[in-house]
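Below are the chains, spelled out letter by letter.
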Amino acid sequence: MNFPTFEWDEKKNHSNKEKHGISFEKAQCAFDDTNRIIIEDLGHGDGVEDRFFCFGKVNDSIITVRFTYRKKCIRIYGAGYWRKGRKYYEQEYNIYR
């Protein structure tokens, strides 16, 4: 089984932890959710790299991870517990609390 390789900028990881309360180390666990949803981020990008969202469940929370693919590696550049991501995930799987 091929497991993805993850990378990120450590300064960005630190600021993400302070701003959104989640580390990129934890955010990568969203990709382990067999029900994860990955969609293209059409609102961002520089025309060189495509960007994506991963919505995945980690413990009892839905995490949204913003990422791109670089050289067969998943590069994380943002993550958080955003309501919009949770709403999308729950709507997709008809999960209502």
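Reading the values: rules and limits
Residues numbered from 1 in each chain as written. Predicted model: local features only at pLDDT ≥ 70, side-chain atom pairs only at ≥ 80, totals over all residues. Heavy atoms only, no water. Buried < 20%, exposed > 50% of the residue type's maximum accessible area, 1.4 Å probe, protein only. Helix = DSSP H or I, 4+ residues; strand = E, 2+ residues; numbered from the N terminus. Pairing = 2+ DSSP bridges. Core = buried A, V, L, I, M, F, W, Y, C linked by side-chain atoms within 4.5 Å. Contact = heavy atoms within 4.5 Å. Salt bridge = Lys/Arg side-chain N within 4 Å of Asp/Glu carboxyl O.

(A) Region of interest: the pairing of strand E3 (residues 51–58). With six of its eight residues buried, E3 lies for the most part within the structure. Where E3 meets strand E4 (residues 61–70), eight bridges bridge the pair, whose relative direction is antiparallel. Each bridged residue has a counterpart across the sheet, and for lysine 57 the counterpart in E4 is isoleucine 62.

(B) Broad picture of the nonpolar core. Core analysis: the biggest nonpolar cluster contains 16 residues, and Phe31, Val65 and Ile76 have the highest contact counts within it. When contributions to this core are tallied by element, the ones reaching two or more residues are helix H2 (24–27), E3, E4 and strand E5 (73–80). Apart from residues no more than four positions distant in its own chain, valine 65 is found in contact with Ala27, Ala30, Phe31, Phe52, Phe53, Cys54, Ile76, Gly78 and Ala79. By size, the runner-up hydrophobic cluster in this structure holds five residues, among which are Ile37, Phe53, Phe55 and Ile62.

(C) Just the side chain of aspartate 41, in detail. Inspection of the secondary structure puts aspartate 41 in the loop between strand E2 (37–40) and E3. For aspartate 41, a relative accessible area of 4% corresponds to the buried category. In this structure aspartate 41 touches Arg51, Phe52, Phe53, Arg66 and Tyr77, once residues within four positions along its chain are discounted.

(D) Structural view of the pairing of E4. Counting buried positions along E4 gives seven out of ten residues, so the element sits mostly inside the fold. Counting the residues in the hairpin turn of E3 and E4 gives two residues, including asparagine 59, whose phi is positive at 60°. By the bridge criterion, seven bridges tie E4 to E5 in an arrangement that is antiparallel. Residue valine 65 lies in a different strand from E5, and its bridge partner there is alanine 79.

(E) Looking closely at unusual backbone geometry. Phi at asparagine 59 takes a positive value of approximately 60°, unusual for a residue other than glycine. Relative accessible area serves as the criterion here: at 63%, asparagine 59 is assigned to the exposed category.

(F) Up close: the pattern of salt bridges. Applying the stated rule across the entire model yields four salt bridges. In this structure, glutamate 7 and arginine 75 form a salt bridge, with 3.3 Å as the shortest nitrogen-oxygen distance. With a gap of 68 residues between them, glutamate 7 in strand E1 (residues 6–7) and arginine 75 in strand E5 connect regions that are remote in the sequence. Residue classification places glutamate 7 among the partly exposed residues on the basis of a relative accessible area of 30%.

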